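Spelled out from the first residue to the last, the chains are:
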Amino acid sequence: MNVMPKKYLSYRNQSDAIHLMRKWIAESGVQAVFDFLIEAYKVAESQDKHYIGCLIAMTFDMRLPKHAYECAAKLGIQLDKDFSVGESLLANLMKEDLDKGWRKIFSDKVVYTPIYTEDDFDSFEHPLIFSNSCSRKIAALSYRDQIHVIRESDGAIGIVIIDKIKDSVLIDEESFQGAKGEEYPLYFTESTHYVSPVFRLRVIGKLLEFFLREIGYPTVKIRYTVVFNSPEASLINISDYFPGGEFAEQWADIRVCLRKDYRDNYVFHDILSCIGGEGSIGLKVSTGLLNCLAAVKILYHELCYSERMLEACKSDASIRKLCKEFSIFSEAE
């Protein structure tokens, strides 16, 4: 199976390939892309072998970032300690003025929407989530819903939502038909109900992955974490969503942490700055990520306000319509 046109197996097309890897992996899966590249490496001309090896290292970015670093080191790739292998490869191309630029351009509305690292993350209201060494490395996507962005110690991007509920909670990750049509998945306590934080993360994830693919952002793993930070919080039917449970698939790729399991320990001991990279080139790469996060921030807020989050979960086509409605991309595109 050809997961990418063969012309991209030549180092002459390395800029395009680095920008398209995330799209190919989304379409065919990490394993299929990895297998395809391994076979291509075996028969490649000598001048292309190193380049294809770099693409193989990029596939590890999406699965096991530490293995990606090990693979890249063996290939002699110059790595930035705050970046994934894919981001480092793009930075290296930019240094040599060989990069062709982002595949799509965001509107001024997005570009001028700031994503700041938080100097004032409230560690008193949300204790023992991030250690003191994480100060000024956390960015907010939604203050109202307590959704934050970090870069984990292995270079992966972390999206973290903090749930402050202090009760026993019954989980239900299924949307349902209500009086107004399809309704969001809800969590229930004895006294109230609220939208599933896992569902909110899935909406954020759908939007973020879409924007990263659209602009051609290089490979970097995205991890999603829900933290129930009150010691009084408990999830009544949590076993149904853990591996082996009836609904385990609905928590696939999402980490759920309860304070009672961490006691007096931090959930995140050490993180990197979400604005990674060194110097002007590092900032240039990071700007692509920050613009994607700004686009997520804008669209997530609009969809929450208009109660349309389910539209983001349907397809890329539905997200493109939302982008047009809310002027996410430049009109020149």
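See the structure printed just above.
Per-chain numbering applies: the sequence of each chain, read as written, is numbered from 1 onward. Under the rules for a predicted model, residues below a pLDDT of 70 receive no local features and side-chain atom pairs below 80 are neither given nor counted, while totals for whole chains, interfaces and linings still include all residues. Note that water and hydrogens are dropped before the side-chain values are worked out from all heavy atoms of the structure.

### What about the overall build of the protein chain?
- Counting secondary structure elements, the protein chain contains ten helices and twelve strands.
- For the protein chain, the spread of C-alpha atoms along the three principal axes comes to 65 × 45 × 40 Å.
- Whether a residue is buried, partly exposed or exposed follows from its accessible area with a 1.4 Å probe, protein chains only, as a fraction of its type maximum: under 20%, in between, or over 50%, in that order. By residue count, 54% of the 333 residues in the protein chain fall in the buried class.
- When contacts within the protein chain are restricted to residue pairs at least 6 apart in sequence, long-range pairs at least 24 apart make up 68% of them.
- Accessibility throughout is a Shrake-Rupley quantity obtained with a 1.4 Å probe, and a residue counts as covered only by protein chains that appear here. For the protein chain, the accessible area works out to roughly 16300 Å², and carbon and sulfur atoms hold 50% of it.
- In this count, Lys and Arg are taken as positive residues and Asp and Glu as negative ones, while His and the chain termini are left out. Lysine's charge is taken at NZ, arginine's at CZ, aspartate's at CG and glutamate's at CD. Positive and negative charge centroids in the protein chain, built from 40 and 49 side chains respectively, lie 4 Å apart. Secondary structure is summarised from DSSP: a helix means a run of H or I of at least four residues, a strand means a run of E of at least two, and numbering begins at the N terminus for each. Working rule for contacts: check all heavy atoms of both residues, and any pair within 4.5 Å makes them a contact.

### As for the side chain of Glu173
- Within the element layout of this structure, Glu173 appears in the loop between strand 4 (168-169) and strand 5 (176-178).
- In contact with Glu173, other than residues within four places in its own chain, are Pro185, Tyr187, Ser196, Val198, Phe199, Tyr241, Gln250 and Trp251.

### A closer look at the pattern of salt bridges
- For salt bridges, the criterion is a side-chain nitrogen of Lys or Arg within 4 Å of an Asp or Glu carboxyl oxygen. Scanning all chains against the criterion turns up 16 salt bridges.
- Across the pair Glu39 and Lys42 runs a salt bridge, and its minimum N-O distance is 3.1 Å. Here Glu39 pairs with Lys42, and both are found in helix 2 (residues 30-43), just three residues apart, close to one helical turn.
- On the accessibility criterion, Glu39 (46% relative accessible area) is partly exposed.
- Owing to a relative accessible area of 56%, Lys42 belongs among the exposed residues under this scheme.
- A salt bridge links Arg151 to Glu87; the nearest nitrogen and oxygen atoms lie 2.9 Å apart.

### Details of the packing of helix 1 (residues 14-28) against helix 5 (residues 85-95)
- What counts as an axis is a line fitted to C-alpha atoms, over the stretch in contact for a helix, and the angles between N-to-C directions run from 0 to 180 degrees. Look at helix 1 against helix 5: their axes get within 10 Å of each other, and the N-to-C directions meet at 150°. By the angle between their directions, the pair helix 1 and helix 5 is classed as roughly antiparallel. Considering only the axes of helix 1 and helix 5, their crossing is left-handed. Within the contact between the two elements, helix 1 uses Gln14, Ser15, Ile18 and His19 and helix 5 uses Gly86, Leu89, Leu90 and Leu93. In this scheme, roughly parallel covers angles under 35 degrees and roughly antiparallel covers those over 145, while 65 to 115 is roughly perpendicular and the rest are oblique. Here a crossing is called left-handed whenever its near helix is offset anticlockwise from the far helix by less than a right angle, and right-handed whenever the offset is clockwise.

### Describing the pairing of strand 1 (residues 139-142)
- We call two strands paired when DSSP finds no fewer than two bridges between them. In this structure, strand 1 lies alongside strand 2 (residues 147-152), joined through three bridges in antiparallel fashion. Bridging across to strand 2, Ser142 finds its partner in Ile147.
- Between strand 1 and strand 2, which follow one another and run antiparallel, lie four residues, and Gln146 among them has a positive phi close to 55°.

### Topic: the packing of helix 7 (residues 197-215) against helix 9 (residues 279-305)
- Helix 9 packs onto helix 7 with a crossing angle of 135° between their chain directions and a minimal axis gap of 9 Å. When the interaxial angle is binned, helix 7 and helix 9 end up oblique. When you trace helix 7 past helix 9, the crossing you get is right-handed. Between helix 7 and helix 9, the residues in contact are Arg200, Val203, Ile204, Leu207, Leu208, Phe211, Leu212 and Ile215 and Gly288, Leu289, Cys292, Leu293, Ala295, Val296, Leu299, Tyr300 and Cys304, respectively.
- Throughout this entry, Asp, Glu, Lys and Arg are counted as charged residues, while Ala, Val, Leu, Ile, Met, Phe, Trp, Tyr, Cys and Pro are counted as nonpolar. The remaining residues, Gly among them, count as polar. In terms of residue class, the contact of helix 7 with helix 9 is built from 15 nonpolar, one polar and one charged.

### Focus on the state of the cysteines
- Counting rule for disulfides: a pair of cysteine sulfur atoms within 2.5 Å. Scanning the model with the defined rule gives zero disulfides in all.
- Here Cys313 is not cross-linked by a disulfide; its sulfur's nearest cysteine counterpart is in Cys304, at 11 Å.

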